[in-house]
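# Close look at the chain arrangement
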Amino acid sequence: MTKIVFKIATAREWSKATTSGIYQGSADDHRDGFIHLSSRHQLLGTLEKHFKGKGDLVLIAFEASKLGAQLKWEQSRGGDLFPHLYANISVSDAMWQRPLSNDANGVAQIDEEWFAC
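Throughout what follows, the structure given in this document is the object of discussion. (Residues numbered from 1 in each chain as written. Predicted model: local features only at pLDDT ≥ 70, side-chain atom pairs only at ≥ 80, totals over all residues. Heavy atoms only, no water.)

### Topic: the sheet that holds strand S6 (residues 81-85)
Sheets are built from strands that pair by backbone hydrogen bonding, the pairs being arranged parallel or antiparallel. The condition that has to hold: DSSP calls a pair of strands paired once it identifies at least 2 bridges connecting them. A helix here means a DSSP run of H or I that spans at least four residues, while a strand means a run of E at least two residues long, and both kinds are numbered starting from the N terminus.
Taken in spatial order, the 3 strands make up an open sheet running S3-S6-S5, and their pairing is antiparallel. Both edges of this open sheet fall to strand S3 (35-36) and strand S5 (71-75), since each of them pairs with a single strand only. When S3 meets S6, the two strands line up antiparallel, connected through 2 bridges. Across the sheet, residue Ile35 finds its bridge partner in S6, namely Leu85.

### Quick look at the pairing of strand S8 (residues 94-102)
Two elements, strand S4 (residues 57-63) and S8, share 6 bridges in a ladder whose sense is antiparallel. When the bridges of S8 are listed, Leu57 appears paired with Leu100. Hairpin connection from S8 to strand S9 (residues 108-109): 5 residues lie between these consecutive antiparallel strands, with Gly106 at a positive phi of about 85°.

### Section: the side chain of Thr46
The following threshold applies: Any residue under 20% of the maximum accessible area for its type is buried, any over 50% is exposed, and the rest in between are partly exposed; the area is computed with a 1.4 Å probe on protein chains only. Any two residues whose heavy atoms approach within 4.5 Å at even a single point are treated as in contact.
Checked against the element boundaries, Thr46 lands in helix H3 (residues 43-50). Relative accessible area serves as the criterion here: at 9%, Thr46 is assigned to the buried category. Discounting chain neighbours no more than four positions away, the residues touching Thr46 are Ile8, Ser38, Phe51, Arg77 and Phe82.

None of this, on its own, says anything about what the molecule does.
Set out below in structure tokens:
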């Protein structure tokens, strides 16, 4: 089974990346020195903790093996291992992207059908 990792980004950041061909990360990624990614089971917690009340978001899926040796699984929130990428991402490595919409509480919602493919 293919391991998939996900990036939550603003639509503006991702649009800029699609123009240049390279995603260089968000301001938080630059601050921390790596691109923050999440595995499937981490997405809802990441959206709640870091993106609540923020709009104009997209979810982008990547095959972990295509990101190379700079992808590290490091302990973070609650002791869970999170994928951190110590490199830029080629936009062509994206499997898919989906716009995110917030619920009444300001938390972006994920459609489970996205993961069926």
